[in-house]
Amino acid sequence: MMKRRTVLGLTASALMLGVAFAPAQAADTMKIGMVVELSGGGAPAGTNFRDGALLAAKEINASGGVMGQQLEISEYDTGTDPQTSRALVQKAIDEGAYNIWGTVYSSSTIVNMMVAQQAGVPQITGSEAPNITAQGNPYIFRTSYGAQKGIPALTAYFKDTLGAKKVAVAWVNNEFGKGGHDVFVGEMKKAGIDVVADIPSEAGAADFAADVARIKDSGADAVFVYLHEEESARFLREASKQAVQAKLVGEVTLTGQKVIDLAGDAANGAVAHVGLTADAPLETFKTFKAAFEKEYNRAPDHNALKGYIGAYITKYGTEKAGAVDQEKFANTMHGLCLKAAEYPGILMDTCWDDSGEMSRPSFMIEVKDGKQVVGETVPAN
Amino acid sequence: MSQTVLSVSHISKSFGGIHAVRDVSFEVQKGEVLGLIGPNGSGKSTLFNCVLGQLQPNAGAVTVKGQSVSGMRACDLNKLGVGRTFQQLSVFPEMTVLDNIILAGQEHHGTMLSRLFGAPDAGLTGEADRMIEFFRLGHLRDEMAGSLSYGQQKLLDAAMAFMAGPDLVLLDEPAGGVNLTMLANLKERLQTYNREHGTTFVVIEHNMEFVMSLCTRIIVLAEGAVIAEGTPEEIRSNSQVIDAYLGG
Amino acid sequence: MNAIPKWLWIALGLAVLIVAPIGQGNYFTLILCSWLMFTIAAMGLNLTLGYAGQISLAQASFMAVGAYITALLTLNGIHWIVAMPAAVVACFFIGLLVGFPALRVKGHFLAFVTLAFNTLVVLVLRNEDWLTGGSYGKFNMPRPDFWIFNTARKSDVLGIALSSNQKIYYLCLITFVVFAALMYGLIRSPWGRAFKGLRENPIRAESLGLDTRRITLLAFAIGSAGGGLAGSLMSPVVQFIEPNSFALVHSLRILLMVVVGGAGYFFGPMLGAAVVILLPEFLRFTQGYYLILYSVAVIILMVYSPSGLMGIGDRILSKLRPQRVVRGDMKEGAQL
Amino acid sequence: MEQFLQVLLSGLATGSIYALAAIGFTLVWQAAQTVNFAQGEFVMLPAFFVLIAMNSGLPLPLALIVALAVSVFVLGFLFKKAIVEPMQKHGNGGGLSLIIATMALAIFLKESVKEFYGAEAQPYPPLISGGTWNIGGAIVSVTDIAHLAISLGVVVGLTLFLNRTRTGRAMQATAQNPAVAEILGVDTNRMVLYTFLINAALASLASFLITPVYLAKFSNGEYLGLIAFIAAIVGGFNQIRGALAGGLLIGVLDNITATYITAEYRAAIPLVLLIGIILFRPQGLLGTSEGRTV
């Protein structure tokens, strides 16, 4: 009895295992491992990042590639699972990736960046959590600066523009939200503003009635809303229903086009500091937006911009380094400043420091009548 | 030399207002084969469950080898030396006949630890094979119990009840649903076992012929009370019994 | 087929597993590690579910407990060889506690209790930052150094250059082989028979002197310890753990491995884990459709062979075998 | 006080939708011993049928009718005929394999929506819209009140149907004792099918009501399914009003916990409640211990 089960089990298992992976090498191509969230909770972000990057790659390849090599992009879907993302970065590297593009979710990036570092493969990430560039990893580069740089830009807005004495913070209780929340609470302390309500919620939360009721009851003058897009939309709707008077202020996500689409009128009046927006009043952005809409029939979001810029980082960094060499690429990128006039794919004047952190100008955006209205430009810091 | 294995004294059990068992007393001596009969609703099953410790009698006591069984868990009762069979088929269908039999005996051999680290068969293969042969299931030893015929499963069920070498075996309608050939076989095996090992049996059964030919003594219950007690011959000619069955 | 003895098949399988990572990339090696880890967890669940018949949707939470205990201990300088047993023992006792509801409820209700337990564990891991690192998790757990075999570093072993990942694979393999051997011994022992008795007919088992309460608790405890062992491997292999890696969906995945492979078959979990972990690799070319195809395959499998892949194989093989002679006896009993 | 009222009313409004999902779940469980792990996805899907119908040019009311019909066919009829029925023929209907099959079905529905419709949340038109009312300082939307009214209406209607009509009584008989029902001449197979159809209809209704709040997204079912189980068990699974009470209780408790006790552990409260109920009052708060098939 056991005998044939043994046979079955072992042969079947062996068959599954026995098939080895045989990566094919083609000459004159530059392999890129695009490891992003194409399914699971991060799918909207990851898909936009990918589409932005693919658009850039198409442009790059059409104009002769990178140092004469055509970009050959392999996509790896992490399913928004950090451990899978780690394995996939490893796979991409095993398959000869010159650069890794992704991941967008910080909880994934913090895990998989160790793999790229060990292998010495430059990684261009869409993540914004502060700790990404705090690991001393010389191979990680951002496409959008970390929350620890973005949120302080808001301090002045809370303190001076709004004159807030008491604020509330609603944040998503995961890697992304916690990072932003910690920076924000620290900033408020420094600025002498009281945080009177501190309300975490689950990723994917749908019912914000209690959260909003608490904020309303706390008597806050302003609310910092640090949630993902969909949760932001639900939050805005509930806040509008309960007629919250306090100003709702966000970082990046709160005034995104997706949020406006989903929240409808409830989004009006929301303000956010945005590092990247497809609606930035700059010629480079308009060109990008038009190209993206033509390619995909929908509007790009900031993750699409990150993907687009990421692909050009690979191109410009390699060309600056003067050779297709991962070590040289990383060294060149540290301390590099690119002007958008000269390097249009970068869209805005941008500098990277030794930790892979970047800086560039940013915008304040307010939602008026269902439209993003770009307010003042915040200088690079 | 006679020795009391089971003693039931003044058991009463009622459910709501219905008296299922009323002041029933009897004793069973070592080596006896006692039949417990009665029309439907006479309280046989309730009495049986009181003896098994599954039901708490309202009054009275049941002792096995001098120990009260009230509230005792089935596994402890078994450890005390009480084996049983079930009305419905009660084997382990996805295990072999041999494993069924070994499982029936293993808890009586060694300790938890020796059963974990000792021999896989708990040293019972020889004994189990003898038991299987005794019940004429030898050719089915390595078959799954679930693939056996109904009658064969009944035999296996009985064999399992004997595996731990119990002093008392309670048989719950052993003849139910078994065909005549198999029934004769079962009866003959039970009698042989009783003769060879002196094991005490208490049998609940509907099949009169089976009870009459198997048992040495019979107790008849009607409406929760004992109405007659005696040898099969005495019962057969007892007018009260005939009334209870025909009138009931 | 019966001409080849069982041990030869096992030796052959082992040989394949020993040479499997040689010359392979890190990714393949890590996938194999993942297969081994999940096989261990699934074998644990197979004991609870397949042999003892107690459903548990909490296996991932035991992996979590195992992984976090190992991570916290090894990050504080305690060697893995000490941390691992500590994790396993802790899971054994927590599993014992989780088993108590099984004494009161069965089936679906037990599924819900264990499901709730799993989610609660994840919430605690996420919210108790001071201990668990919260949603940041724990990372950079050291890989153990076994003096001549330091899994943290690349080196030559017996003249073969082995990477750190390859060496950690061998650690997984050794753990797996030892665990499988112990499990096999357990299944064949009277305890294994008692577990099966509990699954098949608890009332009958109890009447044969089997303490079904004790055996139910043990089924949970030992199965959970298997989850803990898998977790304690995950800590040095993946070197990163965070609460969501142990969410309910992962318990469901482990359950899927057990059932797809064939619950109650010794080799079922190995096959099931291979299917659940490796199949997506082969179906990756189907892009986003693979989960759709996969779920349809599972539905079809469950509809046509509830006993899993091993069940299908069993059926095919028994059709190939000559018909049993003994079936003639059944006529006798079938007359009724 | 204002805050408490606000939280209470919001909780009741959300809870009433949980209740709709829980009622259908309860019905199917009773009638076919089928624990549907895809119940959440059953609530997620109909909204997408509405969106597809609207994208092809139908006005909202017509789209709702089409979506309802398709849902009842797919989630009621097909679910029963293609999955549950063949599995119950194996004689392990309530067993593990059905649990696994419904889990796989959940993945299938989720991934299909994601792949064929899109991964991003979509705005979804409200079934009932209107302004807000101020009740003692708490702000309640007309929508919330309507949700409560609809749930109560469904419970009353369904109870009347089950107790007062011939078909309803036949369905109850089937749930309680299929063998006896069969002897009494009830077409039990048809009655079980009816419960599946009703479940699909209730899930669709829940979908139409909750999606404007949740936004149409493939992953909506993950949380809703769990809540439906918990509500059904906590309320008492053999009672329709039990599921209603369970749903409302979970909705209110969740909000009150988040407001006054802990936001971090708000998800834990329903789970702790679930464990407690199963262990100490397995018939549920309103359930009776009879007719339970554990």
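Labelled according to an unreviewed UniProt entry, chain D appears under the name Branched-chain amino acid ABC transporter permease, originating from Zhengella mangrovi. In its Subcellular location (unreviewed entry) section, the UniProt entry covering chain D states "Cell membrane". Turning to chain D, the UniProt record has this under Sequence similarities (unreviewed entry): "Belongs to the binding-protein-dependent transport system permease family. LivHM subfamily."

Student: Provide a residue-level description of the UniProt feature "transmembrane region" (unreviewed entry) in chain D, including the pertinent values.
Tutor: Residue and element names in this part refer to chain D. Within the UniProt annotation, "transmembrane region" (unreviewed entry) is assigned to residues 6-28, 60-79, 91-109, 135-162, 192-215, 227-253 and 265-284. Helix makes up 100% of residues 6-28 and strand 0%, with an end-to-end C-alpha separation of 34 Å. Annotated as residues 265-284, this span is 65% helix and 0% strand, and its ends, taken at the C-alpha atoms, are 23 Å apart.

Student: Report on the arrangement of the chains, specifying residues and quantitative values.
Tutor: There are 4 pairs of chains in contact here; the most contacts are made by chains A and C. Taking C-alpha atoms only, the smallest gap left between chain A and chain B, which are not in contact, amounts to 9 Å. At the level of C-alpha atoms, the two units chain B and chain D stay apart, their nearest approach being 15 Å.

Student: Tell me what's going on with the interface of chain D and chain A, and back it up with residues and numbers.
Tutor: With 29 residues of chain D in contact, the opposing surface of chain A contributes 31 residues. The junction of chain D with chain A conceals about 2,400 Å² of combined surface from both sides, 51% of it contributed by carbon and sulfur atoms. When residues of chain D are sorted by the area they lose upon contact with chain A, D:Gln3, D:Glu120 and D:Leu215 head the list and together hold 21% of the total. At the junction of chain D and chain A, the tally comes to 3 salt bridges. A salt bridge links D:Arg266 to A:Asp211, with the nearest nitrogen and oxygen atoms 3.1 Å apart. If you look at where chain D meets chain A, you find 12 residue pairs in polar contact (both at pLDDT 80 or more). Looking at the side of chain D that touches chain A, the elements that each hand over two or more residues are helix H1 (2-32), strand S2 (138-141), helix H8 (188-214) and helix H10 (240-261) of chain D. Broken down by element, the side of chain D that touches chain A gets its largest block of residues, 5 residues, from H1(D). For the side of chain D that touches chain A, the residue count by class is 12 nonpolar, 10 polar and 7 charged.

Student: Any details on the packing of helix H2 (residues 39-55) of chain D against H8(D)? Residues and values, ideally.
Tutor: All names here are of chain D. Interhelical geometry of H2 versus H8 gives an angle of 65 degrees and a closest axis separation of 7 Å. The angle between H2 and H8 places the two elements in the roughly perpendicular class. When the axes of H2 and H8 are compared, the crossing they make is right-handed. Residues Gln39, Phe42, Val43, Met44, Pro46, Ala47 and Val50 of H2 form the contact with H8, whose own contacting residues are Asn199, Ala203, Ser204, Ala206, Ser207, Phe208, Ile210 and Thr211. Looking at the contact of H2 with H8, its residues break down into 10 nonpolar, 5 polar and no charged.

Student: So, the pairing of strand S9 (residues 247-251) of chain A: which residues are in play, and what are the values?
Tutor: All names here are of chain A. With 4 of 5 residues buried, S9 lies mostly within the body of the structure. Note that strand S8 (residues 222-226) and S9 share 4 bridges and pair parallel. Among the inter-strand pairings, Ala222 is bridged to a residue of S9, identified as Lys247. At this point the chain moves from S8, through helix H8 (residues 229-241), to the parallel S9, and the crossover so formed is right-handed. Here 3 bridges tie S9 to strand S10 (residues 271-274), and the two strands are oriented parallel to one another. Within the sheet, the bridge partner assigned to Gly250 lies in S10 and is Ala272.

Student: Any chance you could break down unusual backbone geometry for me, citing the residues and the numbers?
Tutor: The bulk of non-glycine residues show a negative phi, and the bulk of peptide bonds are trans. Cis geometry marks the peptide bond from A:Gly102 to A:Thr103, where omega comes out at -10 degrees. With respect to the helices and strands, the residue A:Thr103 is situated in the loop between strand S3 (99-101) and helix H4 (106-119). A positive phi is found at A:Val252, a non-glycine position, where the angle reads about 65 degrees. When you line up the elements, A:Val252 lands in the loop between S9 and helix H9 (257-263). On the basis of relative accessible area, A:Val252 is assigned to the buried category, the value being 9%. Of note in this structure, B:Lys65 is not a glycine but carries a positive phi near 50 degrees. Take B:Lys65: it is sitting in the loop between strand S4 (59-64) and strand S5 (67-68). For B:Lys65, a relative accessible area of 40% puts it in the partly exposed group.

Parameters at a glance
Every chain is numbered independently, its residues counted from 1 as its sequence is written. Key to labels: chains lettered from A, ligands numbered from 1, both in the order written. Two thresholds apply to this predicted model, a pLDDT of at least 70 for residue-level local features and 80 or more for giving and counting side-chain atom pairs, whereas whole-chain, interface and lining totals are computed over all residues. For the side-chain quantities, the full set of heavy atoms in the structure was used; hydrogens and water were omitted. UniProt positions are given in the numbering used here, feature names are shortened, and annotations may be inferred rather than shown by experiment. Secondary structure counts use DSSP, requiring at least four H or I residues in a row for a helix and at least two E residues in a row for a strand, with both numbered from the N terminus. Throughout, a contact is declared for two residues whenever any of their heavy atoms are within 4.5 Å. Buried area, as used here, totals the accessible surface that two parts lose on assembly, with accessibility defined by a 1.4 Å probe and the loss added over both. Between Lys or Arg on one side and Asp or Glu on the other, a salt bridge is scored when a side-chain nitrogen of the former is within 4 Å of a carboxyl oxygen of the latter. Pairs of N or O atoms are called polar contacts if they sit within 3.5 Å, as long as, within protein, a hydrogen donor faces a hydrogen acceptor (for residues adjacent in sequence, only side-chain-to-side-chain pairs). For this scheme, ten residues count as nonpolar: Ala, Val, Leu, Ile, Met, Phe, Trp, Tyr, Cys and Pro. Four count as charged, namely Asp, Glu, Lys and Arg, and the remainder, Gly too, count as polar. Where helices are involved, their axes are fitted lines through C-alpha atoms of the stretch in contact, as for all axes, and angles between N-to-C directions lie from 0 to 180°. Under this scheme an angle from 65 to 115 degrees is roughly perpendicular, one under 35 degrees roughly parallel, and one over 145 degrees roughly antiparallel; angles in between are oblique. Handedness of a crossing is defined here by the sense of rotation of the near helix relative to the far one, left-handed for an anticlockwise turn of less than a right angle and right-handed for a clockwise turn. Burial status follows relative accessibility: with a 1.4 Å probe on protein chains alone, a residue under 20% of its type maximum counts as buried, one over 50% as exposed, and anything between as partly exposed. When DSSP finds two or more bridges between two strands, those strands count as paired. Here a crossover is taken to be right-handed if, once the strands point away from the viewer, the path from the first strand over the helix to the second is traced clockwise.

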